[in-house]
Protein chains: 2
Amino acid sequence: MPSTFEKLASTLRHVRSGGPLFSSGDPFGSLYGVHGGFFKTSTVDGDGRWQVTGFFMAGDLLGLDGIGSGRYQLTATALEDSVVAVMPYPLVETLSRESPDLQRELHAALSREIAREHGVMLLLGSMHAEQRLATFLLNLSLRFRRRGYSPSDFQLRMTRADIGSYLGMTLETVSRLFSRLQHEGIVEIRQRHVRLIDADRLRAISEPA
Amino acid sequence: MPSTFEKLASTLRHVRSGGPLFSSGDPFGSLYGVHGGFFKTSTVDGDGRWQVTGFFMAGDLLGLDGIGSGRYQLTATALEDSVVAVMPYPLVETLSRESPDLQRELHAALSREIAREHGVMLLLGSMHAEQRLATFLLNLSLRFRRRGYSPSDFQLRMTRADIGSYLGMTLETVSRLFSRLQHEGIVEIRQRHVRLIDADRLRAISEPA
DNA sequence: CGGGCGATTGACTTTCGTCAACGCGTGTGG
DNA sequence: CCACACGCGTTGACGAAAGTCAATCGCCCG
């Protein structure tokens, strides 16, 4: 997480597992820096279609989508008991006018979120189910590594349905693919516990034919 | 387009049809406001996978994805002879520190781009090919309407392959679906000229089962 | 200890991708 | 000025990938 942001954290807020940090349509007020725990974000459109749009862990920033319209566009749900730093947006605005560094960090955070979504679009639009799942696992692994956790041995906090929604496939397909990867000795999966046995082969799978 | 931005437009730049406004990897320098013409943006990832990530017309803002990393992440290609307003980013930074209005507009633009991409993710992740194409046509129609052009009678500037890439399907599927919609009397399509005959049925198609 | 959510697995169906042939227009060079 | 080539689009036949529907299982949590 951008360090300059830290100063903005006026308060901490705890969110119970399963509870919402904010919900789609709520008036926008603050950005949130995840201190600990795990979140998913999801959209709903007017026709009731919904989709998980991302997973967020310590150091990630939530709520950026609400700036434009004055309302949160997404719902952020805690997938385990979590703590966030509350950064009131008016304060962010004011301080970033005084501090070019902070300004740049905010812009960078917004821009990086855009870039992240390009990646998801690429994944959804141009990859097969197995490539998507492999990419997903590798991405999780990388993010755990960066935070000092084991990149090859971790807990999934989300359900198969969450993963499926995020990756644009059904939960059955997620389950089948997990089983397949396990049979091939590439990963070991028991419930939500994942152990990456052969990350190289996983990388190979994630690549185009 | 946000009106306050207009003041930032130091110069205009012309881009010939088929030419790049900027390319993935170029050092980031400016944001671009489309004055006239039509652009597509596309990504490439390390493995050579690529995808069209958006279409941009008069009033839209290009280049936002470059702020975070100092390099443009996308390639922006003109699909017809086009004109853009060049807004040097250092200038944007400076002025938006002096003007809360401008600051808010910039943040809003970034945030809206994030929200737009959520919509694309929803489209790619949870809709069938026919729903995607119907949604795409309706979206184009809406954007032409907002700009004072006919919402029911317009030219596509992009190829079937561009559309297919953007919508996560093959160009053959795009072509077949166009034919189907035409047979059903919902649209009339001759080459790149589109006439929406029955927007209500198109809307019905775009909705979930 | 039992209930219920989440996960797995199977059988079958559907959608869409792939491969391939052909058609239409347009611009260019002989 | 015509012919042809090339990019773009259409259409068809076929197959593969993933969705749907359904039954069953296994963990947790209460």
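In this text, all values refer to a predicted model and were calculated from it rather than measured experimentally.

Draft legend 1. Representation of unusual backbone geometry within the structure. Even without being glycine, Gln191 of chain A reaches a positive phi, approximately 60 degrees. Structurally, Gln191 of chain A can be placed in the loop between strand E10 (187-190) and strand E11 (193-196).

Draft legend 2. Seen up close, the packing of aromatic side chains. Counted under the stated rule, the structure contains 20 aromatic pairs over all chains. In textbook terms, an aromatic cluster arises when at least three aromatic residues are bridged by ring pairs, as seen for Phe22, Phe28, Tyr32, Tyr72 and Tyr89 of chain A.

Draft legend 3. A look at the relation of the copies chain A and chain B. In the superposition of chain A on chain B (RMSD 0.0 Å, axial shift 0.0 Å), the rotation amounts to 180 degrees. The superposition of one copy onto the other is thereby described by a two-fold rotation axis. For chain A, the smallest separation between a C-alpha atom and the rotation axis is recorded for Arg97 of chain A, amounting to 2.3 Å.

Draft legend 4. Up close: the packing of helix H1 (residues 89-98) of chain B against helix H2 (residues 100-126) of chain B. Residues and elements named next belong to chain B. Contact pair H1 / H2: the axes reach a minimum separation of 5 Å and the direction vectors enclose 125 degrees. Taken together, H1 and H2 sit at an angle that is classed as oblique. Residues Val92, Leu95, Ser96 and Glu98 of H1 touch H2, and the partners they reach there are Pro100, Leu102, Gln103 and Leu106. Residues of the contact of H1 with H2, tallied by class, amount to five nonpolar, two polar and one charged.

Draft legend 5. Seen up close, the interface of chain A and chain B. At the interface, 43 residues of chain A touch 43 residues of chain B. Taken together, both faces of the contact between chain A and chain B bury some 4000 Å²; the carbon and sulfur share is 61%. Among the residues of chain A in contact with chain B, Arg49, Arg97 and Met121 of chain A are the three that bury the most area, contributing 19% of the side total. One can count two salt bridges joining chain A with chain B. Linking chain A to chain B there are 25 residue pairs in polar contact (both at pLDDT 80 or more). Elements represented by at least two residues in the side of chain A that touches chain B include exactly strand E5 (50-57), helix H1 (89-98) and helix H2 (100-126) of chain A. The element contributing the most residues to the side of chain A that touches chain B is H2 of chain A, with 19 residues. Residue composition of the side of chain A that touches chain B, grouped by class: 17 nonpolar, 16 polar and 10 charged.

Draft legend 6. Representation of the pairing of strand E10 (residues 187-190) of chain B in the model. Residue and element names in this part refer to chain B. Where burial is concerned, the two faces of E10 differ: the one with Val187 and Ile189 is buried and the one with Glu188 and Arg190 is not. One ladder, built from four bridges, connects E10 with strand E11 (residues 193-196); its direction is antiparallel. Across the sheet, Glu188 pairs through a bridge with Arg195, a residue of E11. The loop that links E10 with its antiparallel partner E11 comprises two residues; one of these, Gln191, has a positive phi angle of about 60 degrees.

Draft legend 7. Broad picture of the pattern of salt bridges. One pass over the full model with this rule turns up 26 salt bridges over all chains. With its nearest N and O atoms 3.2 Å apart, the salt bridge here joins Asp198 of chain A to Arg201 of chain A. Accessibility expressed as a relative area gives 24% for Asp198 of chain A, which makes it partly exposed. Put simply, Arg157 of chain B and Glu80 of chain B hold a salt bridge, and the shortest N to O gap is 2.9 Å. Placement of Arg157 of chain B in the loop between strand E9 (153-155) and helix H4 (160-167) and of Glu80 of chain B in the loop between strand E7 (75-78) and strand E8 (82-88) is noted, with a sequence separation of 77 residues between them. Three or more residues are tied together by salt bridges with common partners; here these are Asp45, Asp47 and Arg49 of chain A.

Draft legend 8. Focus on the sheet that holds E7 of chain B. Pairing is antiparallel across the open sheet formed by four strands, whose spatial order is E2-E7-E4-E5 (chain B). Each edge of the open sheet is held by one strand with a lone partner, namely strand E2 (20-22) and strand E5 (50-57) of chain B. Neighbour-to-neighbour, the strand axes of this sheet turn through a mean angle of 30 degrees, independent of strand direction. Pairing of strand E4 (residues 38-44) of chain B with E7 of chain B, which is carried by four bridges, proceeds in the antiparallel orientation. Within E7 of chain B, the position partnered with Lys40 of chain B by the bridge is Thr77 of chain B. Packing against the sheet, H2 of chain A makes contact with E4 and E5 of chain B, and its axis sits at approximately 115 degrees to E5 of chain B.

Draft legend 9. A look at the sheet that holds strand E3 (residues 30-36) of chain B. All names here are of chain B. An order of E1-E8-E3-E6 is seen for the four strands of this open sheet, with the pairing classed as antiparallel. Each having just a single partner strand, strand E1 (11-15) and strand E6 (61-62) make up the two edges of the open sheet. Lying over the sheet, H1 contacts E3 and E8, oriented at roughly 55 degrees with respect to E8.

Draft legend 10. Spatial organisation of the protein's contact with DNA strand D. Around DNA strand D sit 16 residues, and of these Ala129, Thr173 and Arg176 of chain A together with Ser175 and Ser179 of chain B come closest. The protein-proximal atoms of DNA strand D, defined as those within 4 Å of the protein, are 59% sugar or phosphate. Note that a phosphate oxygen of DNA strand D is positioned 3.2 Å from one of the side-chain N or O atoms of Thr170 of chain A. Between Arg176 of chain B and DNA strand D, the recorded distance is 2.8 Å, taken from a side-chain N or O atom to a base nitrogen. Secondary-structure elements contributing two or more residues to the surface near DNA strand D are helix H5 (171-183) of chain A together with helix H5 (171-183) of chain B. Considering each element in turn, the surface near DNA strand D owes the most residues, five residues, to H5 of chain B. Of the residues in the surface near DNA strand D, the class split is three nonpolar, seven polar and six charged.

About the criteria used
- Residues numbered from 1 in each chain as written.
- Chains lettered and ligands numbered in written order.
- Predicted model: local features only at pLDDT ≥ 70, side-chain atom pairs only at ≥ 80, totals over all residues.
- Heavy atoms only, no water.
- Helix = DSSP H or I, 4+ residues; strand = E, 2+ residues; numbered from the N terminus.
- Phe/Tyr/Trp six-rings, centres within 6.5 Å; stacked < 30°, edge-to-face > 60°.
- Least-squares fit on C-alpha atoms with pLDDT ≥ 70 in both.
- Axes fitted to C-alpha atoms, helices over the stretch in contact; angles between N-to-C directions.
- Parallel < 35°, antiparallel > 145°, perpendicular 65-115°, else oblique.
- Contact = heavy atoms within 4.5 Å.
- Nonpolar A, V, L, I, M, F, W, Y, C, P; charged D, E, K, R; others polar.
- Buried area = accessible area lost by both parts, 1.4 Å probe.
- Salt bridge = Lys/Arg side-chain N within 4 Å of Asp/Glu carboxyl O.
- Polar contact = N/O pair within 3.5 Å; in protein donor to acceptor, adjacent residues only side chain to side chain.
- Buried < 20%, exposed > 50% of the residue type's maximum accessible area, 1.4 Å probe, protein only.
- Pairing = 2+ DSSP bridges.
- Near = heavy atom within 4 Å.

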